[in-house]
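Spelled out from the first residue to the last, the chains are:
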Amino acid sequence: MNEQQFASDNYAGVCPEAWEAMQKANQGSAVAYGDDEWTALASDGFRRLFNIDCEVFFVFNGTAANSLALASLCQSYHSVICSAAAHIETDECGAPEFFSNGSKLLVAPAVDGKLTPEAIRTLALSRTDIHFPKPRVVTITQPTETGLVYSIDEIKAISAVCKEFNLKLHMDGARFAHACEFLACEPADISWKAGVDVLCFGGTKNGMAVGEAVLFFDKALAEDFDYRCKQAGQLASKMRFLAAPWVGMLESGAWLKNAQHANRAARFLAEQLSTIAEVKLMFPVQANGVFLQAETSVLDNLRAKGWRFYTFIGGGARFMFAWDADLARVQQLADDIKAAVSEQAV
Ligand SMILES: *Cc1c(COP(=O)(O)O)cnc(C)c1O
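Residues numbered from 1 in each chain as written. Predicted model: local features only at pLDDT ≥ 70, side-chain atom pairs only at ≥ 80, totals over all residues. Heavy atoms only, no water.

### Comments concerning the sheet that holds strand 6 (residues 198-202)
Two strands in a sheet stick together by hydrogen bonds in their backbones, pointing the same way (parallel) or opposite ways (antiparallel). Rule in force here: DSSP-based pairing: two strands are paired if at least 2 bridges between them are found. In this description a helix means any DSSP run of H or I spanning at least four residues, a strand means any run of E spanning at least two, and both kinds are numbered starting from the N terminus. Between N-to-C directions, angles cover 0 to 180 degrees, with each direction set by a line fitted to C-alpha atoms, over the stretch in contact for helices.
What the seven strands build is an open sheet, ordered 1-7-6-5-4-2-3; its pairing is mixed. For this open sheet the edge positions go to strand 1 (55-59) and strand 3 (104-108), each flanked by a neighbour on one side alone. Each adjacent strand pair in this sheet contributes to an overall mean axis angle of 20°, direction not counted. Where strand 2 (residues 78-83) lies against strand 3, five bridges are found, and the strand directions are parallel. Among the inter-strand pairings, Val80 is bridged to a residue of strand 3, identified as Leu105.

Written as structure tokens, this is what we have:
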């Protein structure tokens, strides 16, 4: 077995709660394509967790969840306002544009990855003529790709601008649980109660093998979404195995417990490094990621010591923690970073 790495929260395996639910679902036969008991249970679990009668769909991954959700909110001549750091812009291979038949992404420059009401206003007003795609949706990532969490008030302020310009609000919640944990709030507080129309709730990065849930709080927006999923190759025939892990995660509370552990591991690394002047945090640590700014030679040394990490956000080293992060291994990482810094100084 390889030593644990923190290059991505997708390096982690499946948490016991999700695994056990899969095993329970693996008894006998069940109706296919989502008309089974597990899918009904998981959907009701989300309605209970969010305290609202929403429409729930299960897809295989986040790219599909985001792209199909955005496509359902847009016509091809519409546009989607997002941050320059947004996963839909940088990491989905044009899938949002593809599945919407061409809805353009209007990208707001963002120093820290966050979208602001001012940036939305600027983009919404930048062009209002017939020759430019009409803004229709705003999407925010909670927490951001830079590990920052939008507060309840920040989301409400964004939602207010959306209402002013008649824009729908979509949330990429690939790590939604981590945001709930950081804010110690109810899921409803940072979703429908704050004005979010559609939420993509991530399961994979929170301990499942595979699967994201798409929640439509405005049920009218979900019309024909099942057909959209099917056409995109995202309708699981053995749907119970996409749904069952959610039942395990929601009923046991693992969805929040896993996020809590991941966030704690990130905070732990940040605390370990707080006394080293040569290594700076690029962003405050609020969720399960730590972004470090250091000399290239320090990062090269860290790689030479066997650590894997990405530097696609502003050239800094990104470390992501999952439900299974071993704090002793995090300590080792901190020690190796300290060593790399002092070896550089010599
Ligand atoms: C990981 C991630 C996704 C989902 O990516 P897939 O690889 O398609 O599952 C979506 N949004 C954000 C912000 C992510 O980090």
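### A few points about the packing of helix 12 (residues 296-304) against helix 13 (residues 327-345)
Packed helices, taken two at a time, are described by the angle between their axes plus the distance between the axes. Put simply, the test is: Relative orientations are named as follows: roughly parallel for angles under 35 degrees, roughly antiparallel for angles over 145 degrees, roughly perpendicular for angles from 65 to 115 degrees, and oblique for any other angle. By definition, turning the near helix anticlockwise from the far helix through less than a right angle yields a left-handed crossing, and turning it clockwise yields a right-handed one. In what follows, a contact means two residues having at least one pair of non-hydrogen atoms within 4.5 Å. Each residue gets one label: Ala, Val, Leu, Ile, Met, Phe, Trp, Tyr, Cys and Pro are nonpolar, Asp, Glu, Lys and Arg are charged, and the others, such as Gly, are polar.
Two numbers describe how helix 12 lies on helix 13: the axes approach to 9 Å, and their chain directions differ by 130°. Here helix 12 is positioned oblique relative to helix 13, judged by the angle of their axes. As for the relative orientation of helix 12 and helix 13, their crossing is right-handed in sense. Counting all contacts with helix 12, which are made through Ser297, Val298, Asn301 and Leu302, the residues of helix 13 involved are Asp336, Ile337, Ala340, Val341, Glu343 and Gln344. Considered class by class, the residues forming the contact of helix 12 with helix 13 number five nonpolar, three polar and two charged.

### Quick notes on the packing of aromatic side chains
Geometrically, a pair of aromatic rings is defined through the distance of the ring centres and the angle of the planes. The condition that has to hold: Stacked, edge-to-face and tilted are the three classes for Phe, Tyr and Trp ring pairs, Trp counted by its six-membered ring, which pair at centre distances within 6.5 Å; planes under 30 degrees apart are stacked, over 60 edge-to-face, the rest tilted. Only protein chains enter the area calculation, which uses a 1.4 Å probe; residues under 20% of their type maximum are buried, those over 50% are exposed, and those in between are partly exposed.
Applying the stated criterion across every chain yields a total of 19 aromatic pairs. Centre to centre, the rings of Phe50 and Phe217 are 5.6 Å apart; their planes meet at 45°, and the pair counts as tilted. Taken together, the residues span a long stretch of sequence, with Phe50 in helix 2 (residues 37-50) and Phe217 in the loop between strand 7 (212-216) and helix 9 (225-231) at a distance of 167 residues. For the pair Phe50 and Phe217, a shared accessibility class is recorded, and that class is buried. Among the aromatic residues, ring-to-ring pairing joins Phe46, Phe50, Phe58, Phe176, Phe201, Phe217, Trp246 and Trp255 into one connected group.

### Regarding the site of the ligand
Filter applied, for reference: For each residue, the test is whether any non-hydrogen atom lies within 4 Å of the molecule or strand; if one does, the residue is near. What qualifies as a polar contact is a pair of N or O atoms within 3.5 Å, subject to a donor-acceptor requirement within protein and to the restriction that residues adjacent in sequence count only when both atoms come from side chains. To measure how exposed things are, a 1.4 Å probe is used in the Shrake-Rupley method; for residues, cover is taken only from the protein chains shown.
The environment of the ligand is made up of Asn61, Gly62, Thr63, Asn66, His87, Glu92, Thr141, Glu145, Asp172, Ala174, Arg175 and Lys205. Contact between the ligand and Gly62: an oxygen atom at 2.9 Å from a main-chain N or O atom of the residue. A distance of 2.6 Å separates a nitrogen atom of the ligand from a polar atom in the side chain of Asp172. Coverage of the ligand by the protein chains reaches 82% of its 380 Å² of free accessible surface.

### Structural notes on the sheet that holds strand 9 (residues 289-293)
Taken in spatial order, the three strands line up as 8-9-10 in an open sheet, and their pairing is antiparallel. Of all the strands in the sheet, the pair left with one neighbour each is strand 8 (280-281) and strand 10 (317-320). Relative to strand 10, strand 9 runs antiparallel, the two sharing four bridges. Its bridge partner being in strand 10, Phe291 is matched across the sheet by Arg318. Contacts between helix 11 (residues 254-273) and the sheet are confined to strand 8, strand 9 and strand 10, with strand 9 contributing the most and set at about 30° to the helix.

### Side note on the nonpolar core
For clarity, the cut-off: In this text, buried Ala, Val, Leu, Ile, Met, Phe, Trp, Tyr and Cys residues form a nonpolar core when linked through side-chain atoms within 4.5 Å.
Counting 57 residues, the largest nonpolar core has Phe46, Phe58 and Val138 as the members making the most contacts within it. The element contributing the most residues to this core is helix 10 (residues 240-252), with seven residues. Those residues in contact with Phe58, other than ones at most four positions away along the chain, are Thr39, Ala42, Ser43, Phe46, Glu212, Ala213, Gln234, Met239, Leu242, Ala243 and Trp246. In this structure, Ile276, Val298, Val330 and Ala340 belong to the second largest nonpolar core, which totals 27 residues.

### Re the UniProt feature "domain: Aromatic amino acid beta-eliminating lyase/threonine aldolase" (unreviewed entry) in the protein
Cut-off, in case you're wondering: UniProt positions are given in the numbering used here, feature names are shortened, and annotations may be inferred rather than shown by experiment.
The UniProt entry lists residues 5-293 under the feature "domain: Aromatic amino acid beta-eliminating lyase/threonine aldolase" (unreviewed entry), expressed in the numbering used here. The distance from the first to the last C-alpha atom of residues 5-293 is 19 Å, and the span holds 40% helix and 16% strand.

### Some points on the domain arrangement of the protein
For the record, the criterion: An automatic or database domain assignment provides the domain bounds reported here. A quick way to say it: buried area is the sum, across both parts, of accessible area lost when two parts are put together, with a 1.4 Å probe. We define a salt bridge as a side-chain nitrogen of Lys or Arg found within 4 Å of a carboxyl oxygen belonging to Asp or Glu.
When its domains are assigned, the protein resolves into domain 1 (15-252) and domain 2 (255-345). Facing the 24 residues of domain 1 at the interface are 18 residues of domain 2. On the domain 1 side of the interface with domain 2, the three residues burying the most area are Thr146, His178 and Glu181, jointly 28% of the side's total. Between Lys257 and Glu17 there is a salt bridge, with the nearest N and O atoms lying 2.7 Å from each other. At the junction of domain 1 and domain 2, the tally comes to seven residue pairs in polar contact (both at pLDDT 80 or more). Contributing elements (two or more residues each) for the side of domain 1 that touches domain 2: helix 1 (16-25), helix 8 (176-183) and helix 10. Looking at which element gives the most residues to the side of domain 1 that touches domain 2, the answer is helix 8, with five residues. Its residues placed into classes, the side of domain 1 that touches domain 2 shows 14 nonpolar, five polar and five charged.

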